[in-house]
Amino acid sequence: MASDLVNEFNDRSTAKSSPGAALDEQPRIYMPNYNSSALSFRHILKTGDVTTYPKEMDEENQTVDWKKDDEFNRTMTKLKDNVTEAVVNDPEMQKLLEKDQWTQEDRVSWEEKLGEKVSQEVDKIPALDTYRLTLDEGIETRLDGLQEELTNAEKDISDDPVMKTIWKKPGFTNADVSYLETRSTEIYKEHPHLDNYIKTGGDPNTLQEELNKVNQTLDDDPDLRALNEAHDKKYGKDSEWSDEDAEEYNTLRKQKYEEAVARSPALSKFLKEETKHDPGLAETDPAHLNKVSDDMKNGTHKVTVKCEELALIKGAVMQDVEDGVLPKKSDTDDVTGNKKYAANYYYVADHSNSDPDNPKPGGHAYVVSPVTGNVFETTADPSEGQSTYRKATDPKHGFKDTVAGKPAVYVDKDGDKSIYGGADSSGDQDIIKAREEAIERGEFDKLNTLGFGEDDKSTQKQSYQKLYKQDSYRERKQELLQKLDASRYSFYARDKDKPYARTDFQSAAGEATEKESVITTFDKNGQETGAILASDLEGKKVLIQDIRDESGQSTGKLNIGVLDTKENFTIDAEQMGSVPNKIYEGATPAVKPEAPQVKAPAPENPSNQFLEM
């Protein structure tokens, strides 16, 4: 299965597997995704080599000169000293250091606090406090930000009390016109990007006109319309796009968008001027990390600081500090289960981070602990209260699983979730098993021949969706059980031995649907009183209850509860239009059990009972 590209990658890398050493002592651990790998920070600190990608992707690799007398190395030393001092002055971390042995909970507490302190100190360095893209990245995102400023400015103008009075007049005086023009300009200048543009003599109204033209150009573009029509004709108008078709469309759309923007003098000028003032934009990527020195010394933002740079810098500081304050790992630690030792953290760049709300893997670099298997999201911004440390929601998921290629759902202190690991896995259990067996035998060199192929990419999105939904379902079930047990409902599922707080709809193929579920309610005699449908319509979580009369017949009315706003109202079923048809299409409710397992009194007023989830 090993490709020529992989073999070439192996030959040119300076970080070879170390025979006889444990998994968490390996300088390089080959990952199954995009022929990349995980590098130990001790190897990086020793050699400065950060070769994670094959030669054909060499522009994404980094190098570091740790011996160079420059601002970068002086800053790294300062960061290590500051974090060490912060550890010494933290009472909770000192209590941990006083313990002879650490449990898993102790270890997690240590990692969480250490990661936060490193992020806080790095955030104090002007050159490192802003996540920065290159000038040619994210043009549409930047113009979306422009549109937001224009919209907000227009609202501020329309809300101005004096201007409201003037607009109500049947005619304007010269003073009125002067006020309208002056005040409008003042309001536009209250928005930073527009202010920068106005200083160059630009007109904000022209920007809005040009943005409208760009969007209209895309709507009218024959090539894009042809792709849309071909998809709709082949798969149906409301069907999802395959990864291949979506990539083709988005690539063409990006090209058309940039061409349309380039034809607009106003937008081109805006983007050019914005780069002079926007700390989130930079000129070049620092393939040699020491290039950040000039920004550190001058307080500028000329090189990018993205996930690769932040993971390298924060991970290196974390490793350096931990090696200085914790003992080395001993053989007895594995025997006793003691977690108090300096971990050999890993820099992982395997294109495997995903937002659960839009579960499509994307390229990403982050830090992983081999002790807990937990993740340090080094792009998190502590100044905005974002959490660096992410814990695997599955307590059994560890570092071996990450290396084997298993993706996992992680959660931060605020309950926000992300998926890391196994970007191309697509559920190929044979490869995962083979990698697990190689790891168990200590045959780490074999990992470079056990990777997921190019053919698996088309199904990776489905794998992430399935993974996240399964994880969410387990948590959701527990939340429902806890909250609903306190109510006067009884709940059933198809599996009578394991009653859930929901009953899934089944598709025509007999498979449970993902978004829609029926929660059936019964009175104290075990008679059905109504069916509540938990759903997600137009981005809002809602509960739809079929209101029934005393005989159990539907009244033709639905009780609607909008969870987002806690709004509750009753409407006629026909007012829902096509929504019920969409929900029930090709689905049949699960069979009601012969007798309820738990009898409970019915709600006093089922038609107005709002079930809060």
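Residues numbered from 1 in each chain as written. Predicted model: local features only at pLDDT ≥ 70, side-chain atom pairs only at ≥ 80, totals over all residues. Heavy atoms only, no water.

Engineer: Even after reading the chapter, I still don't get the nonpolar core, so can you show me in this structure?
Structural biologist: Soluble globular proteins: nonpolar side chains tend toward being buried together. In this structure, F41, W110, L114, L128, I313, Y345 and Y347 are the most contacted members of the largest nonpolar core, which totals 49 residues. Of all the elements in the fold, those that place two or more residues in this core are α2 (41-47), α3 (71-88), α4 (91-98), α5 (104-122), α14 (292-298), α15 (307-325), β7 (346-349) and β10 (365-368). Element by element, the count of residues in this core is highest for α15, at 9 residues. Discounting chain neighbours no more than four positions away, the residues touching L114 are V83, V87, M93, M318, V321, E322 and Y345. Counting residues in hydrophobic clusters, the runner-up holds 29 residues, among them I166, Y197, L211 and V214. (Core = buried A, V, L, I, M, F, W, Y, C linked by side-chain atoms within 4.5 Å. Buried < 20%, exposed > 50% of the residue type's maximum accessible area, 1.4 Å probe, protein only. Helix = DSSP H or I, 4+ residues; strand = E, 2+ residues; numbered from the N terminus. Contact = heavy atoms within 4.5 Å.)

Engineer: What is the right way to read the pairing of strand β14 (residues 417-420) from this model?
Structural biologist: Here is the key point about a regular strand: its side chains alternate between the two faces of the sheet. Along β14, one buried face is formed by K417 and I419 and the opposite face, lined by S418 and Y420, is buried too. In terms of strand pairing, strand β13 (residues 408-411) meets β14 through 4 bridges, oriented antiparallel. When the bridges of β14 are listed, V411 appears paired with K417. Taking the residues that link successive antiparallel strands as the turn, the β13-β14 hairpin has 5 residues, and the phi of G415 there is positive, at about 90 degrees. (Pairing = 2+ DSSP bridges.)

Engineer: Sorry, what's going on with the packing of helix α6 (residues 139-159) against helix α10 (residues 204-220) here?
Structural biologist: A pair of packed helices is characterised by two quantities: the angle between their axes and the separation of those axes. At a closest axis distance of 11 Å, the pairing of α6 and α10 adopts a crossing angle of 125 degrees. It follows from the interaxial angle that α6 and α10 lie oblique. Crossing geometry of α6 relative to α10 is assigned as left-handed. Of α10, the residues touching α6 (which contributes L143, L146, Q147, L150 and E154) are P204, N205, L207, Q208 and L211. Within the contact of α6 with α10, the residues separate by chemical class into 6 nonpolar, 3 polar and 1 charged. (Axes fitted to C-alpha atoms, helices over the stretch in contact; angles between N-to-C directions. Parallel < 35°, antiparallel > 145°, perpendicular 65-115°, else oblique. Left-handed = near helix turned anticlockwise from the far one by under 90°. Nonpolar A, V, L, I, M, F, W, Y, C, P; charged D, E, K, R; others polar.)

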